[in-house]
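Structure assessment
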Amino acid sequence: MSPTGKRIVGICTFLLALGAFAGLDTRPISAAEKSTVTASGVTLHSVSTKFPDPGRLFPGGSSADAINNNCLACHSTGMVFTQPKMSRAEWQAEVNKMRNTYKAPVADADVPAIVDYLANLTVGK
Amino acid sequence: MTSFDRDRAPSRRHFLTQASLIGGMVVTYPAWAASVVDLGLPGGPSQRALTGAFPQKGPMILQRSRSPLLETPFETFDRGVFTPNDRFFVRWHWADIPEAVDVTSFKVAVRGHVNTALSLSMADVLKMPRVDLAAVNQCSGNSRGYFQPRVAGGQWGNGAMGNARWTGVRLRDVLDRAGIKSGAVAVRFNGLDQPTVDNGPDFIKSLDIEHARDGEVMLAFEMNGEQLPLLNGFPLRLIVPGWYATYWVKMLNDIEVLDAPDQNFWMATAYRIPETPHASVTPGQTGFKTVPINRMVPRSFFTNVADKATVKSGATLPLRGIAFGGDCGVSTVEVSADQGKSWKKATLGRDAGAYSFRQWSTQLTEPRSGKLTLQVRCTNAKGEVQPGEPNWNGAGFMRNVIEQVELTIA
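In this convention, every chain numbers its residues from 1, walking through the sequence in written order. A letter from A marks each chain and a number from 1 marks each ligand, given out in the order of writing. In view of the model being predicted, local features appear only for residues whose pLDDT reaches at least 70, and side-chain atom pairs are presented and counted only at 80 or more, with totals across whole chains, interfaces and linings using the full set of residues. Hydrogens and waters are ignored; side-chain quantities use all the structure's heavy atoms.

1. Some points on the nonpolar core
All names here are of chain B. Among the nonpolar cores identified, the biggest contains 97 residues, and Trp-166, Leu-171, Phe-189, Leu-219, Phe-221, Leu-238 and Ile-255 are the most heavily contacted of them. Counting from the N terminus, the helices are the DSSP runs of H or I reaching at least four residues and the strands are the DSSP runs of E reaching at least two. Ranked by the residues each element gives to this core, the list is headed by strand β15 (residues 218–223), at five residues. In this analysis, two residues are considered to be in contact whenever any of their non-hydrogen atoms come within 4.5 Å of each other. Ignoring anything within four residues of it in the chain, the contact list for Leu-171 reads Phe-189, Ala-212, Val-217, Met-218, Leu-219, Leu-238 and Ile-255. As used here, the term nonpolar core means buried Ala, Val, Leu, Ile, Met, Phe, Trp, Tyr and Cys residues forming a set that is joined through side-chain atoms within 4.5 Å. Buried, partly exposed and exposed residues are distinguished by accessible area as a fraction of the type maximum, computed with a 1.4 Å probe on protein chains only: under 20%, between the cut-offs, and over 50%, respectively.

Here you go:
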């Protein structure tokens, strides 16, 4: 493209951009306008949703402070309460795995209270 | 202190609903739990909330809400050979999962030991040669809750599995489009989900290059004729027919061809099985070699009668269920009413393919009133039959013992 042609394209692009900002459409995108991809007989629709998480805490008051302050950052309480009865050593191993393998940033000082809480769990029905 | 996203920690709201007293400790079920199911796990806890709160999902057995572990209610498997998308089980490791995916900007990278790195749009993928395959997706730890002695981990009943008709493209065609350089030994797969802590091991899995190029491993954009639910990996996931679900990476956006074996945590340390018959060892056993978990093994289930159920007596007792061969088709399904002394061959339903569930049916004539113990076993096309004794390993993987139901005929 000639230098003149390039300048014309540049000016047009600039004006288009100006115009877009000047007449900004602020309506929320409706579901119908939401982005889709169609090719070879298949249409895929973009998805936007929310995962539920009621933010349950480990019960037990202050004895649950360490576990609530550290563990809920990554996962909810559910799987802890479905575990079979485990020994203190087995729960210690789980906490070690969270820190060493999954890099949970648990301070050394918090570990005993967390293991105490887990070791004292009574297995439910 | 290592940084992590404190914004992810929930606010200190406190929900106290449907509280139940368990050994002096109050345990709450979420307000949105519709009811409770009992998985019959030896020693418990066996009760789980049934939840309808997850997007694109009907009632599911709640194992964990964040990151989601949702089990399929077992009666679903009596409805037909394909598992409806809104009842298909869900299992994620890390909780940083996108709640929104824009399918127009989603791209799959193909990179590493290739001639030409690619960035494929979903339109690109849709335009490639298309394949359909029915295949069972089963969690490595499906049925872990029945292990004895019990082991730590997701305490599933038998519902961490499902069967779908997957539609998509061959991984081989995608790899050949990039051109695999000589010296490639493996292909590694990554999805949109991320760790919730710095330096946490991102969930990535790999397959040997020959396996990746076998023409059956595929990238799926539809299951059962619809786009994938977000929780099952929208817009694209890996399908590894006959292999456990850990390889079936969801929200697949990165395919990396490797010129050295994959040593990442999720291959080298996690998801490994003893290299022993039935991946079985004795509790406390050490010093055995391990390999990455791989092929599935045959299983079969009753779906029209549940364990501990009371059934009305009649001229006949109809029995039906599902079976799968693991990494090949079903050859026979048999039922025993005398603790395995004799077996009666069941009639098999339509063959939807080697990797699919297969329905089976039979009947007992004039069952006597009282207690009746029934067993069902599958022999696959390679002649492998389910064992009469359960396997055991510390991870709770690969359970496939002959299933048994105890009925009362009244």
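2. Quick look at the interface of chain A and chain B
Every contact between the two is made by 48 residues of chain A and, on the other side, 69 residues of chain B. Accessible-area loss on putting two parts together, using a 1.4 Å probe and summing over both, is the definition of buried area adopted here. Summed over both sides, the interface between chain A and chain B buries roughly 5,200 Å², with carbon and sulfur atoms accounting for 64% of that surface. Close ionic contact of Glu-99 of chain B with Lys-50 of chain A constitutes a salt bridge, the shortest N to O distance being 3.1 Å. The definition of a polar contact used here is a pair of N or O atoms within 3.5 Å, where within protein one atom must be able to donate a hydrogen and the other to accept one, and adjacent residues in sequence count solely through side-chain atom pairs. For the pair chain A and chain B, the interface holds 17 residue pairs in polar contact (both at pLDDT 80 or more). Each reported salt bridge corresponds to a side-chain nitrogen of Lys or Arg within 4 Å of a carboxyl oxygen of Asp or Glu.

3. Describing empty space enclosed by the protein
Put simply, the grid is 1 Å and covers the protein atoms alone, a cavity is a trapped set of points that fit a 1.4 Å probe, a pocket is an open set with protein on both sides within 12 Å along at least five of seven lines, and lining residues have an atom within 4 Å of a point. Grid points are joined across faces, edges and corners, and a volume is the space filled by probe spheres set on the points. If you walk through the whole model with that rule in mind, you get three cavities of 30 Å³ or more. By volume, the second largest cavity amounts to about 190 Å³. Under the scheme applied, nonpolar residues are Ala, Val, Leu, Ile, Met, Phe, Trp, Tyr, Cys and Pro; charged residues are Asp, Glu, Lys and Arg; polar residues are all the others, including Gly. Residue composition of the lining of the second largest cavity, grouped by class: nine nonpolar, five polar and three charged.

4. Considering the layout of surface pockets
Residues and elements named next belong to chain B. Each pocket or cavity is described by its volume, and for the second largest pocket that value is around 1,100 Å³. Along the walls of the second largest pocket sit 33 residues, with Tyr-146, Asn-158, Asp-307, Glu-403 and Gln-404 positioned nearest its centre. With four residues, strand β29 (residues 403–409) is the single largest residue contributor to the lining of the second largest pocket. Considering only residue class, the lining of the second largest pocket consists of 16 nonpolar, nine polar and eight charged.

5. Section: the packing of aromatic side chains
For this analysis, a ring pair means two rings from Phe, Tyr or Trp (six-membered ring only for Trp) whose centres lie within 6.5 Å, classed as stacked if their planes differ by under 30 degrees, edge-to-face if by over 60, and tilted for the remaining angles. In this structure the tally under the stated criterion is 19 aromatic pairs over all chains. Taken together, a centroid distance of 6.0 Å and an interplanar angle of 80° make the contact between Tyr-102 of chain A and Phe-265 of chain B edge-to-face. Of the two residues, Tyr-102 of chain A is situated in the loop between α4 (88–100) and α5 (111–119) and Phe-265 of chain B in helix α4 (residues 265–268); the pairing between them involves two chains. A ring pair is formed by Phe-203 of chain B and Trp-266 of chain B, whose centres lie 5.1 Å apart and whose planes are at 75°; its orientation type is edge-to-face. A residue pair is termed long-range when its members are at least 10 positions apart, and Phe-203 of chain B in the loop between β13 (186–191) and β14 (204–208) and Trp-266 of chain B in helix α4 qualify at 63 residues. This pair shows no difference in class: Phe-203 of chain B is buried, exactly as Trp-266 of chain B is. Three or more aromatic residues joined by ring pairs make a cluster, and in this case those are Tyr-102 of chain A together with Trp-94, Phe-203, Phe-265, Trp-266, Tyr-271 and Phe-397 of chain B. Across from the ring centre of Tyr-247 of chain B, 4.8 Å away, lies the NZ or CZ of Lys-205 of chain B, which sits over that ring. Put simply, a charge is over a ring when the Lys NZ or the Arg CZ is close to the ring centre, within 6 Å, and near the line of the ring normal, within 35 degrees.

6. Remarks on the sheet that holds strand β10 (residues 118–121) of chain B
Within a sheet, neighbouring strands are paired by backbone hydrogen bonds and run either parallel or antiparallel to one another. All names here are of chain B. In short, DSSP must find at least two bridges between two strands for them to pair. Read from one edge to the other, the open sheet built from five strands follows the order β10-β9-β18-β13-β14, with strand pairing classed as mixed. Since the sheet does not close on itself, it has two edges, and those belong to β10 and β14, each with one partner. With direction set aside, neighbouring strand axes in the sheet form an average angle of 20°. As defined by bridge partners, strand β9 (residues 107–112) adjoins β10 across four bridges and the pair is classed as antiparallel. Fitted lines through C-alpha atoms give the axes, limited to the stretch in contact for helices. The angle between two N-to-C directions lies from 0 to 180 degrees.

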